[in-house]
Amino acid sequence: MSTNEQIERLMGTFREVNKSYMKILRKDTEALGTTVMQTRVMRIIKRNPNIGVLELAERLHLGNSTISSMVDRLVKSGLVERERLSSDRRSKTLRLTEKGEQVQNKADQLFLDHLSSLLENIPEEEMEHLIRTLNKISKILGERDTNDGEDRDTAPRATD
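Residues numbered from 1 in each chain as written. Predicted model: local features only at pLDDT ≥ 70, side-chain atom pairs only at ≥ 80, totals over all residues. Heavy atoms only, no water.

Caption draft 1: Main features of the sheet that holds strand E2 (residues 80–84). Strand order across the open sheet formed by three strands is E1-E3-E2, with antiparallel pairing between neighbours. This sheet does not close on itself; its edge strands, each paired only once, are strand E1 (51–52) and E2. In this structure, E1 lies alongside strand E3 (residues 92–96), joined through two bridges in antiparallel fashion. Bridge pairing in E3 links Ile51 to Leu94. (Pairing = 2+ DSSP bridges. Helix = DSSP H or I, 4+ residues; strand = E, 2+ residues; numbered from the N terminus.)

Right, here's the structure in full:
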């Protein structure tokens, strides 16, 4: 098999895995009344309480206006709250409400339950080999990104 054929097979497999992964995420988040992106935003806020909108936008590689409107919807839904900094009255930080924590915890658990049941038929040895191989690919791509001077870490991850 030629290198080009291997690359095409690899990319096709990545697309199929990503498509299936996103289908699961959409189903789970829809059941909770949120979107995949809203859940990603809440996951980042959960892991970084009192994060600012600018830092949130940077982490997601999105514009400030996009994040601001998304945060507005999350605030209106009672999932996120804004808080003014006492040290800088112009700046606001974000954190999950109790309802937001509950929704995010459910989203994480639903996803883990679905993924666990799907992956339980893959032997541990094969799973470890796959993880090592994907880590190698990620490292190579990361080195290339660093050499290009750009940060392209935008792939959805189960641990985001």
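What follows picks up the thread again.
Caption draft 2: How the structure looks around the packing of aromatic side chains. Following the criterion strictly, the structure yields one aromatic pair and no others. Judged by centre distance (5.5 Å) and plane angle (85°), the ring pair of Tyr21 and Phe111 falls under edge-to-face. Placement of Tyr21 in helix H1 (residues 3–31) and of Phe111 in helix H5 (residues 98–119) is noted, with a sequence separation of 90 residues between them. Assigned by exposure class, Tyr21 and Phe111 land together as buried. (Phe/Tyr/Trp six-rings, centres within 6.5 Å; stacked < 30°, edge-to-face > 60°. Buried < 20%, exposed > 50% of the residue type's maximum accessible area, 1.4 Å probe, protein only.)

Caption draft 3: Examining helix H4 (residues 64–76) more closely. In a regular helix each residue adds 1.5 Å, so 13 residues correspond to 18 Å; H4 covers 18 Å between its end C-alpha atoms and thus fits that length. Those residues of H4 not exposed but buried are Ile67, Met70, Val71 and Leu74. Buried residues of H4 fall within an arc of 100° about the axis and therefore sit on the same side. The exposed residues of H4 that point more than 90 degrees off its buried face are Ser65 and Lys76. Buried residues belonging to H4 abut helix H2 (36–47), helix H3 (53–60), E2 and E3. One or two steps after H4, the chain reaches Gly78, where phi turns positive at roughly 80°. (Expected span 1.5 Å × (residues − 1). Arc of directions from axis to C-beta. Contact = heavy atoms within 4.5 Å.)

In short, geometric facts, not functional conclusions.
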